[in-house]
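Coordinates in review
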Amino acid sequence: MLRKLLSLLLVIIFTAVLYARPAYDMDQYRHVLDDIHSRADSAHGFDVLSYDITIDIDQQEEYIEGIVIATIDAEENLDQITFELEELTVDEILVNGESTTFTHEDGEIEIALSDIESGDEFVVQISYYGYPQLSNDVYHIGMIFSNAYVFTLSDPSGVRWWMPAYDHPWEKAEYDFHITIRDDWTVACNGLRTGIDDNGNGTRTHHWDGSSPMAGHLACITAANFLELEDNYDDLPILNFATSSYYDEAQEDFSNLPYMIEVYEDVYGEYPFEKYGNTIVPMQTFGAMEHQTMTTMGSSYIDGNHGGEITIAHELSHQWFGNCVTPLTFDHVWLSEGFAVLSEAIYMEHWQGFDAMVNYVDTAIHAYYINWANSNGTRTIYAPPYNETFSPPVYEKAASVLHMLRLILGDEDFFNAVQTYFQTYHDGWAVTDELRAIMENVSGLDLEQFFEQWIYSPGLPTTEYALFFAGIGSYSPQMLSMVKTNSNTDTDFYIQIPIHVQWEEHYDSLLVAGNPDSPAEQISDLTGIGDFEAQIDPHHWVISRGNVEHTMTLIDACATDGEVIVYWQPFWEEAEVEGYNIYRSDLPDQDFEQINDELVTGVTFGDEDVVNGQTYYYYVTAVKNGFESLPSESMEATPIDFPMDQGVLVVDETRNGAGTPGNPDDYQVDSFYSAVINNVFATHDLDSDGDLQIVEMRNYSTIIWHDDDATQQNIGDYEGVLISYLLAGGNLVVSGYKTATELSESFRTNFLNSEEIIYSSTAEFSRAASDSYPSLDVDPDKVLPVWNGMLPYVVTFDNQDEAIYSFHSNIASDLEGLPCALRTQPDGILYFLGFPLYCMQEEQAEQLFDQILTDLGETVSIDQDLEQEKPSIQLSVFPNPAQATDGLSISFSLPNQENIEASIYNIRGQLVAKISQGVFDQGIHNLFWDGMDDQGRLVSSGVYFLRLETPSQRMTRKVLILR
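Residues numbered from 1 in each chain as written. Predicted model: local features only at pLDDT ≥ 70, side-chain atom pairs only at ≥ 80, totals over all residues. Heavy atoms only, no water.

**A look at the overall build of the protein**
Put simply, the test is: Starting at the N terminus, helices and strands are each numbered in turn, a helix being any DSSP run of H or I of at least four residues and a strand any DSSP run of E of at least two. Two things to know: the radius of gyration comes from C-alpha atoms, and the globule rule equals 2.2 Å times the number of residues to the power 0.38. Whether a residue is buried, partly exposed or exposed follows from its accessible area with a 1.4 Å probe, protein chains only, as a fraction of its type maximum: under 20%, in between, or over 50%, in that order.
Across its full length, the protein holds 18 helices and 57 strands. Computed over its C-alpha atoms, the radius of gyration of the protein comes to 43 Å, more than 25% above the 30 Å expected for a compact globule of 963 residues. Based on the C-alpha atoms only, the size of the protein along its principal axes is roughly 145 × 65 × 55 Å. With 963 residues in all, the protein has 57% of them scored as buried.

What follows is the structure in structure tokens.
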């Protein structure tokens, strides 16, 4: 009756709360309504006080006969009650010693009563028999038979498969057992053993009496040819059962049980029952089962080396939570399993230390649940589906939530609240909001949002955060934290998360807030001076999908002539910083000084107070409300002069391919650029010559950079030196597959004036069209046949103002007409093509280079040199290109006798080898150059010039030498 009145009172109070706060959505309180309904269901009109259970077990036939005597208190006038029993036959039912009528259908026994009034105590005796079956659900539980064991598993609703009972978690009663089985076996049950009777017929009857109320799913019968292992904790008997094959291992593995009990008594309160023990069986359904006072332990956890230590501790902790304090319904099963998994971590902390506990929480609890959720999707902790009653949301995620409550409340309040909860609902039931109410009462905190997001809602957060500091180096430093949460569901997460600030001698551990809509700002006072390190949640108190720290990222410090340009990534947009400070030092790791007079509001800074040849070091901080972020990583830069007096440098990024369409080799690529660039030029092949340094680049007024390899791009590695070169006034021509995608957003914004690029991996580019430059058509001989004469991996830009070519396709394309090449002038002139020029028609590419190089003032051309020749002397070379090891054949014809000098020069105009010098008669003459320089060394790959001179004229032929 009391429970029925309590349910009515809860309804009244809840209704008043709803009307007092009409703005709240009813769905927000759906779980409260569920709890009220559960309380109402539990007030079912009667209370079973005790069961006296007599069962004869024929292990070989897998057959039982039994009598269950239930003593019941009527809480209202009754004319019938309902018990559950599955797949077994009821023989007879007596009420107060008199036979009564009953029906037994669909697993329910409807028992007729007469003259039972509220407050009466009556006795129901049920005789039954049959062959116990296992439950027909996902758990397959009940009474389990094998050649060596008989044991029961009844969680969540399996007791009805081996005895008649009111089989619901909100019904607790005392259980006494009288179990008869073969006389060479021993039976272990709940409670204390009061005797064993030898029946003289090959059987014995084992008597076990329970003195504490127990939910039916915690009842157990376990029988085998057991040996007994006795122990104790103070006056508490510990009785374990193992067959001979596990006896020695069990003796070792259960040796820490007294210590485990001591640990849990210290944090939870006094052990609640009359004994504790374990039986060892070859269990397959579960790993172990926390039957009240007598856990059934799977044999796989017993190895003699404490391999199952944590499982043993887990099941022991259930005696406090799950058994003594039982969830009213399985909607609240996390109050059992979550506390048990938390208890694993608590025992680990006492057993192996704090660091071991931290690692255990991170790997065995947080990560275990996250990995499960990644494969199975999000769930709520509250009200799991029946077939997921014992799944990771109920176990590991629930334990993570309790672990966070320990953080938020602090150890003193948390364990005080847990002990209060244990004592308040001792030998009874609890629901989630009753735990919350106690924790709020003890701590003074409002935990409504916490429980709503973690228990009643699905999902996990990720966090973004930034830290700013003021007064570092003083005795009163402060920290400004900004933390934002993002959810993988519709759940909004408001969190508290610790940040540790570590000094050499001590650290502060601060709880800071995180919000879902915008970063939560919090200023915290610190203790300590000097260098420090800040970490968010290093001990893994908060379960999340990850913590992302926003810090300053220095992209580069680019050295130019008399200046260093420092540029960085903009800070986290949601932090809304006011600007940035730039620091410089002559040393790599000390004596940095701020060099900007005012906050820099952009993302670049030019330091002109430098000396060429001197190395400087830079870092940047973000500033908000007078607080500065931690500094970026430092970068060095050495400003140098840029003479730019050696003309054109061609940089080949293309790897040496197979020589097939779409995969050219060095010979094909070098031949193409030798043919289309009608200018004296130097070369640098990244594949064969190695990295390109700024000290080499600075000598050239124009650099032509090409990447004709669709599978490998390296220009991003050289972004810094290219920026230095451009800022110093150098001219740059770039072409290649998807080249723009390899450069930073900052480069594209500042040097291409293009904030957005579109990259197409589809073969749909056939032509680059222009009103001011020669049209460029794809050369079908240079692309894969499957590309149908078109190119993939082409980039287009959003910069219409400085576009020089537009994208055209032979098929319908969303990129039609978009800019695919730009000409910008950040300091020097930059031509940037979003496609590889090598793949275009050679004659058109030659016309383009003639126009570009004229525009850039590169007029020292080979053709100009050739125009000075007199047609009276004919000169030819073969082959061209030539392999250095094969040499070069030279042929010339003279109309008259001439004094001839034949020499080889490199692209810098330096003499490499003198081939011949002397007087030659009229007619045809042949010379041979063996590819060696005047020092007897084989020359490297590159462009060379054969020069034939007479007293009156000079003839030059460009040749490409390969190695």
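**Concerning helix α5 (residues 309–317)**
Residue pairs three or four apart in sequence face the same way in an α-helix, which turns once every 3.6 residues. Judged by how many residues are buried, α5 sits mostly within the fold: 9 of 9 residues are covered. For α5, the complete set of buried residues consists of Glu309, Ile310, Thr311, Ile312, Ala313, His314, Glu315, Leu316 and Ser317.

**Considerations on the pairing of strand β7 (residues 108–116)**
In plain terms, the rule: Think of it this way: DSSP has to see at least two bridges between two strands before they count as a pair.
Where strand β3 (residues 78–84) lies against β7, 6 bridges are found, and the strand directions are antiparallel. From the neighbouring strand, Thr82 faces β7, where its bridge partner is Glu110. Across 4 bridges, the pairing between strand β6 (residues 102–105) and β7 is antiparallel. Within β7, the residue paired with His104 across the bridge is Ile109. Count of turn residues in the β6/β7 antiparallel hairpin: 2 residues, of which Asp106 carries a positive phi of about 50°.

**Focus on the nonpolar core**
The following threshold applies: Throughout this description, the term nonpolar core refers to a set of buried Ala, Val, Leu, Ile, Met, Phe, Trp, Tyr and Cys residues connected via side-chain atoms within 4.5 Å.
The biggest cluster of nonpolar side chains holds 169 residues, and the ones touching the most others in it are Tyr51 and Phe83. Core analysis: the second largest hydrophobic core is formed by 46 residues, Tyr805, Phe807, Ala821 and Val943 among them.

**Here we look at the pattern of salt bridges**
Selection rule: One speaks of a salt bridge when a side-chain nitrogen belonging to Lys or Arg is within 4 Å of a carboxyl oxygen belonging to Asp or Glu.
A complete count under the given rule lists 15 salt bridges for this structure. Between Lys624 and Glu521 there is a salt bridge, with the nearest N and O atoms lying 3.9 Å from each other. Taken together, the residues span a long stretch of sequence, with Lys624 in strand β36 (residues 616–624) and Glu521 in strand β28 (residues 520–525) at a distance of 103 residues. One network of salt bridges, with partners in common, ties together Glu349, Arg406 and Asp411.

**Examining the side chain of Glu349**
To keep things clear, this is the line we draw: Pairs of N or O atoms within 3.5 Å make up the polar contacts considered here, provided that, within protein, one atom can donate a hydrogen while the other can accept it, and that residues adjacent in sequence are counted only when both atoms are side-chain atoms. Residue contacts are defined here by distance: any two heavy atoms, one from each residue, within 4.5 Å place the two residues in contact.
Relative to the helices and strands, Glu349 resides in helix α6 (residues 334–352). Taking relative accessible area as the criterion, Glu349 reaches 19% and is therefore assigned buried. A polar atom in the side chain of Glu349 sits 3.1 Å from the side chain of Arg406. Setting aside residues no more than four positions away along its own chain, Glu349 makes contact with Phe354, Met357 and Arg406.

**Focus: a negative patch on the surface**
Put simply, the rule is: By definition, no residue in a patch forms a salt bridge, and every one has over 30% relative accessible area; like charges are joined within 9 Å, nonpolar side chains (Val, Leu, Ile, Met, Phe, Trp, Tyr) within 5 Å. For accessible areas, the Shrake-Rupley method is used with a probe of radius 1.4 Å. Any residue's cover is judged against the shown protein chains and nothing else. When charges are counted, Lys and Arg contribute as positive and Asp and Glu as negative, whereas His and the chain ends are disregarded. To locate a charge, the coordinates of NZ of Lys, CZ of Arg, CG of Asp or CD of Glu are taken.
Together, Asp56, Glu65, Asp91 and Glu92 make up a negatively charged patch on the protein surface. Structurally, the position occupied by Glu65 is in strand β2 (residues 63–74).

**Some thoughts on unusual backbone geometry**
The linkage connecting Asp155 with the following residue, Pro156, adopts the cis geometry, with an omega of 15°. Relative to the helices and strands, Pro156 is located in the loop between β10 (149–153) and β11 (172–182). In the Ramachandran plot, Thr293 falls in the positive-phi region, its phi being about 70° despite a non-glycine side chain. Structurally, Thr293 can be placed in the loop between β20 (288–289) and β21 (295–298). Take Thr293: its relative accessible area is 2%, and that puts it in the buried class.

**Quick notes on the packing of aromatic side chains**
Applied cut-off: Each aromatic pair joins two rings of Phe, Tyr and Trp (for Trp, the six-membered one) with centres within 6.5 Å, and gets the label stacked for planes under 30 degrees apart, edge-to-face for over 60, and tilted for any other angle.
Inspection of every chain in the model, using the stated rule, returns 51 aromatic pairs. Centre to centre, the rings of Phe765 and Phe807 are 5.1 Å apart; their planes meet at 50°, and the pair counts as tilted. In this pair, Phe765 sits in the loop between β43 (757–760) and β44 (767–769) while Phe807 sits in strand β47 (residues 803–808), placing the two residues 42 residues apart along the sequence. Each member of the pair, Phe765 as well as Phe807, is classed as buried. Ring geometry for Phe797 against Phe832: centres 6.1 Å apart, planes inclined by 90°, an arrangement best described as edge-to-face. Of this pair, Phe797 sits in strand β46 (residues 794–797) while Phe832 sits in strand β49 (residues 830–833), and the two are 35 residues apart along the sequence.

**Section: the pairing of strand β41 (residues 702–707)**
Burial runs high along β41: 6 of the 6 residues are buried. Note that strand β39 (residues 648–652) and β41 share 5 bridges and pair parallel. Residue pairing for β41: Asp652 is matched across the bridge by His706. Bridge count between β41 and strand β42 (residues 731–736): 6 bridges; the pairing is parallel. If you follow Asp707 over to β42, its bridge partner there is Gly736.

**Quick notes on the environment of Met697**
Within the secondary structure layout, Met697 lies in helix α14 (residues 694–697). Sequence separation between Met697 and Gln646 is 51 residues; the distance between their C-alpha atoms is 9.8 Å. Setting aside anything within four residues of it in sequence, one finds Met697 in contact with Leu692, Ile703, Val721, Leu722 and Tyr725.

**A few points about the confidence of the model for the protein**
As a reminder, the rule being used: Values of pLDDT, which run from 0 to 100, indicate the predictor's confidence residue by residue.
When pLDDT is averaged across the protein, the result is 90; 93% of the residues are at 70 or more. Note that residues 1–29 has pLDDT below 50 and, in this model, 30 contacts with residues that lie over four places away or in other chains. pLDDT under 50 marks residues 860–871. Its contacts with residues more than four places away, or in other chains, come to 23 contacts.

**Some remarks on the packing of helix α4 (residues 257–268) against helix α9 (residues 411–424)**
Threshold: Note on geometry: axes are C-alpha line fits, over the in-contact stretch for helices, and angles between N-to-C directions span 0 to 180 degrees. Each angle is binned into one of four classes, with values under 35 degrees roughly parallel, values over 145 roughly antiparallel, values of 65 to 115 roughly perpendicular, and all other values oblique. Gly counts as polar in this scheme, as do all residues outside two lists: the nonpolar Ala, Val, Leu, Ile, Met, Phe, Trp, Tyr, Cys and Pro, and the charged Asp, Glu, Lys and Arg.
For the pair α4 and α9, interaxial distance at closest approach is 8 Å and the crossing angle is 95°. Regarding the angle of α4 to α9, the classification is roughly perpendicular. Of the residues in α9, those in contact with Asp266, Val267 and Tyr268 of α4 are Phe415, Val418, Gln419 and Phe422. Across the contact of α4 with α9, the residue classes tally to 5 nonpolar, 1 polar and 1 charged.

**Digging into the sheet that holds β7**
If you walk across this open sheet you meet the 3 strands as β3-β7-β6, and the pairing is antiparallel. Every other strand in the sheet has two partners, leaving β3 and β6 as the edge strands with one partner each. For this sheet the average axis-to-axis angle between neighbouring strands, irrespective of direction, equals 20°.

**Thoughts on the environment of Asp850**
Considering the arrangement of structural elements, one finds Asp850 in helix α17 (residues 842–855). Asp850 sits 124 residues away from Leu726 along the chain, and the two C-alpha atoms are 21 Å apart. Within the structure, Asp850 has its side chain in polar contact with the side chain of Asn678 (distance 3.3 Å).

**So, empty space enclosed by the protein**
Rolled over the atoms, a probe with the dimensions of a water molecule shows which regions are left empty. What counts is decided by this rule: Each cavity reported here is a set of points on a 1 Å grid over the protein atoms alone in which a 1.4 Å probe fits but cannot get out, each pocket an open set with protein on both sides within 12 Å along at least five of seven lines, and each lining residue one with an atom within 4 Å of a point. Grid points are joined across faces, edges and corners, and a volume is the space filled by probe spheres set on the points.
Counted by the stated rule, this structure contains 3 cavities of 30 Å³ or more. The space that makes up the largest cavity amounts to roughly 90 Å³. Taken together, 13 residues form the lining of the largest cavity, with His217, Pro327, Phe330, Val333 and Ser336 sitting closest to its centre. If you list the elements that add at least two residues to the lining of the largest cavity, you get β22 (325–327) and α6. Counted by class, the lining of the largest cavity contains 5 nonpolar, 5 polar and 3 charged residues. Looking at the second largest cavity, its volume works out to about 60 Å³. With 3 residues, β11 is the largest single contributor of residues to the lining of the second largest cavity. Class assignment for the residues of the lining of the second largest cavity results in 3 nonpolar, 7 polar and 2 charged.

**Let's talk about helix α8 (residues 393–409)**
Quick reminder of the rule: Between the first and last residue of a helix there are one fewer steps than residues, each counted as 1.5 Å, and that sum is the expected span.
Taking 1.5 Å per residue, 17 residues should reach 24 Å; α8 reaches 22 Å between its end C-alpha atoms and fits that length. In terms of residue burial, α8 counts as a mostly covered element, since 17 of its 17 residues are buried. Positioned one or two residues after α8, Gly410 has a phi angle of 85°, which is positive.

**Details of the environment of Ile109**
Along the chain, Ile109 turns up in strand β7. Sequence spacing of Ile109 and Gln80 is 29 residues, and the spatial spacing of their C-alpha atoms is 10.0 Å. The contact partners of Ile109, leaving out residues within four places of it in the chain, are Ile81, Thr82, Phe83, Leu85, Val90, Ile93, Phe102, Thr103, His104 and Pro164.

**Some thoughts on the sheet that holds strand β32 (residues 563–568)**
With respect to topology, 3 strands assemble into an open sheet ordered β31-β32-β35, the strand pairing being antiparallel. In the strand order of this sheet, the two ends are held by β31 (554–560) and β35 (604–607), each with one partner. Pairs of neighbouring strands in the sheet enclose a mean axial angle of 15°, with direction left out of account. By the bridge criterion, 4 bridges tie β32 to β35 in an arrangement that is antiparallel. Following the sheet pairing, Ile565 is matched in β35 by Gly606. Of the strands in this sheet, β31 and β32 are in contact with helix α15 (residues 719–727), which crosses β31 at around 40°.

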